[in-house]
Amino acid sequence: MLFYGPPGTGKTLAAEVMARALGVDLLVVDLSALVSKYIGETEKNLAAVFDVAERSRALLLFDEADALFGKRTDAQDAHDRYANMETAYLLQRLERYEGVAVLTTNLRGQLDKAFTRRFETIVEFAEPDAVVREALWRLHLPAAAPLAPDVNLRELAEWYAIAGAQIKNAALAAAFLAASAQERIAQRHFLWAIEREFDKAGRAHPGFPSQHAPDPDRSTA
């Protein structure tokens with residue numbers, strides 16, 4: 001299977017759910033970490049991964065699949081030829097693997113079309129819309145969370161187009177910010193936490209609605 005979509009949209013989570021439903025372990029493989037500049041080392045690393053997976057019948061999750069499945073170029077030198085050999089080896093082992101294998105990528109367009117045809121299932125993980133974002137905010141805030149009266153999760157969901165992983169991080173950060181000040185979790189705590197998520201992602205912050213702009217004198221480091 002190929003799961004593709006922006007970061008934080010649930011690709012890894014979906015694989016975890018599948019593994020649990022199947023009653024098998026989840027073996028997460030970072031392809032970018034397995035690829036070696038030394039001839040033969042990448043194949044050796046991949047062989048070790050498949051040996052473990054075949055013994056345990058694990059669900060294989062290959063993260064950052066474009067590290068090996070990127071668009072191929074003509075073999076101009078020995079490096080290109082060996083890169084193609086590494087990709088061919090991975091395809092061969094995947095086809096022989098009798099368990100479930102999932103590959104994830106943030107950019108499907110970076111994958112070679114010849115490779116994507118090999119997948120039995122291709123699933124897109126799109127960024128959540130406002131309705132889904134509101135549901136995610138509520139999911140990550142327990143019923144017992146001490147929310148202040150000014151908290152409006154629907155407004156947060158409509159104002160800020162962030163993915164599920166960012167919502168989870170922001171909900172937790174807002175709770176810590178409020179706890180450090182010994183306060184209930186207020187709208188401004190969520191706004192500070194969301195701003196941090198934009199900063200972490202290197203995205204321009206859309207700005208705060210004027211009626212909810214945080215007071216810089218009360219900000220928490």
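Above this text is the structure in question.
Residues numbered from 1 in each chain as written. Predicted model: local features only at pLDDT ≥ 70, side-chain atom pairs only at ≥ 80, totals over all residues. Heavy atoms only, no water.

Our next topic: the overall build of the protein. Broken down by element type, the protein carries ten helices and five strands. For the protein, buried positions account for 38% of its 221 residues. For the protein, the proportion of contacts with a sequence separation of at least 24, taken over those separated by at least 6, is 74%. Carbon together with sulfur atoms contributes 52% to the accessible area of the protein, which is approximately 12700 Å² in total. (Helix = DSSP H or I, 4+ residues; strand = E, 2+ residues; numbered from the N terminus. Buried < 20%, exposed > 50% of the residue type's maximum accessible area, 1.4 Å probe, protein only. Contact = heavy atoms within 4.5 Å. Areas by Shrake-Rupley, 256 points an atom, 1.4 Å probe, with all protein chains shown as cover.)

Our next topic: the pattern of salt bridges. Taken as a whole and assessed by the stated rule, the structure comprises seven salt bridges. Notably, a salt bridge pairs Arg-57 with Glu-98, separated by 3.5 Å at the nearest N-O pair. Here Arg-57 is found in the loop between helix H3 (41-56) and strand E3 (59-63), whereas its partner Glu-98 is found in the loop between helix H5 (78-96) and strand E4 (101-105), with 41 residues between them in sequence. Overall, the relative accessible area of 66% leaves Glu-98 in the exposed class. Linking Glu-197 and Lys-200 is a salt bridge whose minimum nitrogen-to-oxygen distance equals 2.8 Å. With a gap of three residues between them, Glu-197 and Lys-200 both fall in helix H10 (residues 187-200), about one helical turn apart. (Salt bridge = Lys/Arg side-chain N within 4 Å of Asp/Glu carboxyl O.)

Turning our attention to the environment of Arg-196. Checked against the element boundaries, Arg-196 lands in helix H10. Arg-196 gets classed as partly exposed once you look at its relative accessible area, which sits at 31%. Measuring from C-alpha to C-alpha, the distance between Arg-196 and Ala-170 comes to 8.0 Å, with 26 residues separating the pair along the chain.

A few words on the side chain of Thr-105. Checked against the element boundaries, Thr-105 lands in strand E4. Apart from the residues within four sequence positions on either side, Thr-105 is in contact with Leu-2, Phe-3, Tyr-4, Gly-5, Lys-11, Asp-66 and Leu-111.

Below, the discussion takes up the packing of aromatic side chains. For any two aromatic rings, the description comes down to two numbers: the centre-to-centre distance and the angle of the planes. Scanning the entire structure with this criterion turns up six aromatic pairs. Between Phe-50 and Tyr-97, the ring centres sit 6.0 Å apart and the planes meet at 70°, which makes this aromatic pair edge-to-face. One end of the pair, Phe-50, is in helix H3; the other, Tyr-97, is in the loop between H5 and E4, and 47 residues separate them in sequence. One exposure class covers both Phe-50 and Tyr-97, and it is buried. (Phe/Tyr/Trp six-rings, centres within 6.5 Å; stacked < 30°, edge-to-face > 60°.)

So, about unusual backbone geometry. The phi dihedral of Arg-57 is positive, around 60°, even though this residue is not glycine. At Gln-182, a residue that is not glycine, the phi angle is positive and equals roughly 55°. The topology assignment puts Gln-182 in the loop between helix H9 (164-180) and H10. Residue Gln-182 is classed as exposed on the basis of its relative accessible area of 76%.

Let us now look at helix H7 (residues 130-139). Along an α-helix, residues three or four positions apart point the same way, because every turn accommodates 3.6 residues. When we look at burial in H7, the residues that qualify are Arg-133, Glu-134, Leu-136 and Trp-137. Buried residues along H7 cover an arc of 160° about the axis, so they all sit on one side. What points out from H7, more than 90 degrees from its buried face, is the exposed set Val-131 and Leu-139. Buried-residue contacts for H7 involve helix H8 (153-159), H9 and H10. Its side-chain oxygen at 3.2 Å from the backbone nitrogen of Val-131, Asp-129 defines the N-terminal cap of H7. (Arc of directions from axis to C-beta. Polar contact = N/O pair within 3.5 Å; in protein donor to acceptor, adjacent residues only side chain to side chain.)

What follows covers the pairing of E4. Most of E4 is tucked away, with five of its five residues classed as buried. Residues Ala-101, Leu-103 and Thr-105 of E4 are buried on one face, and the alternating residues Val-102 and Thr-104, pointing to the opposite face, are buried as well. Bridge analysis of strand E1 (residues 2-4) against E4 gives three bridges, and the strand direction is parallel. Residue Phe-3 lies in a different strand from E4, and its bridge partner there is Thr-104. (Pairing = 2+ DSSP bridges.)

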